[in-house]
Amino acid sequence: MMKQLLAALVCSAALLTPLAEAATPAAPDPAAVQALRDQIRTDKKKVVADNMLLTAAEADKFWPLYDQYEKAGAPVRQRLTLAMIDFVAVDAKLTNANAKRLVGEINAAERDLLKLRASYFDKMAKAIPAAKAARFMQIEAKIDALLRFDQAATIPLAQ
């Protein structure tokens, strides 16, 4: 199961490398995956820009919405990250009460992220073609999967 998840995530990361090309995914190059991780951490907006294929008119409408989306999502992502850090901090001392609290916080933050994505997809689909709004959501999901894989690798399983 874990190997299948790892393979799926690595393939998702490989697909980001040139999202603009619709080719059959090849085996991911570990150096390219690491370069993508580094680029996402330093300039996520550039990764999105390089893969959105927007016309100038579409870009004028998309980027203000993107900035709003990122700003609205920052506190939710921060809640999620803090809950995950808390999970790491309690490690072997995870009580039933802490487990319920942490999983509740993580689930609430993830629900809020889903609501945010749905809301912004609707806004973007009104401003740019729905296919391009969907493309953004795909890019966002792939970036999120790659970053979450990195986070998940650091969080021990509950005892």
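Our subject is the structure listed above.
Cut-offs applied
Residues numbered from 1 in each chain as written. Predicted model: local features only at pLDDT ≥ 70, side-chain atom pairs only at ≥ 80, totals over all residues. Heavy atoms only, no water. Salt bridge = Lys/Arg side-chain N within 4 Å of Asp/Glu carboxyl O. Helix = DSSP H or I, 4+ residues; strand = E, 2+ residues; numbered from the N terminus. Axes fitted to C-alpha atoms, helices over the stretch in contact; angles between N-to-C directions. Parallel < 35°, antiparallel > 145°, perpendicular 65-115°, else oblique. Contact = heavy atoms within 4.5 Å. Nonpolar A, V, L, I, M, F, W, Y, C, P; charged D, E, K, R; others polar. Left-handed = near helix turned anticlockwise from the far one by under 90°.

1. A look at the pattern of salt bridges
Considering all chains together, one arrives at 12 salt bridges under this definition. Ionic pairing is found between Glu70 and Lys44, a salt bridge with its closest N-O pair at 2.9 Å. With Glu70 in helix α3 (residues 56-90) and Lys44 in helix α2 (residues 30-52), this pair connects stretches of sequence that are 26 residues apart. Here Asp144 ties to Arg117 by a salt bridge, and the two come within 3.1 Å at their closest N and O atoms. Within this pair, whereas Asp144 is found in helix α5 (residues 130-154), its partner Arg117 is found in helix α4 (residues 96-127), the two being separated by 27 residues in sequence. In the salt-bridge network here, residues are joined through shared partners; they are Lys44, Glu70, Arg77 and Glu140.

2. Some words on the packing of α2 against α5
Interaxial distance between α2 and α5 falls to 11 Å at its minimum, and their mutual angle equals 170°. Here α2 lies roughly antiparallel to α5, going by the angle between them. Contacts from Val33, Leu36, Arg37, Ile40, Arg41, Lys44, Val47, Val48, Asn51 and Met52 of α2 reach α5 at Lys132, Arg135, Phe136, Ile139, Glu140, Ile143, Leu146, Leu147, Phe149 and Asp150. Partitioned by chemical class, the residues of the contact of α2 with α5 number 12 nonpolar, one polar and seven charged.

3. Here's the deal with the packing of α3 against α5
Packing of α3 against α5 leaves a shortest axis separation of 12 Å and a crossing angle of 20°. Comparing the axis directions of α3 and α5 gives the class roughly parallel. For the crossing formed where α3 meets α5, the hand is right-handed. Residues Glu58, Phe62, Tyr66, Tyr69, Glu70, Arg77, Leu80, Thr81, Met84 and Val88 of α3 form the contact with α5, whose participating residues are Lys132, Phe136, Glu140, Arg148, Gln151 and Thr154. Within the contact of α3 with α5, the residues separate by chemical class into seven nonpolar, three polar and six charged.

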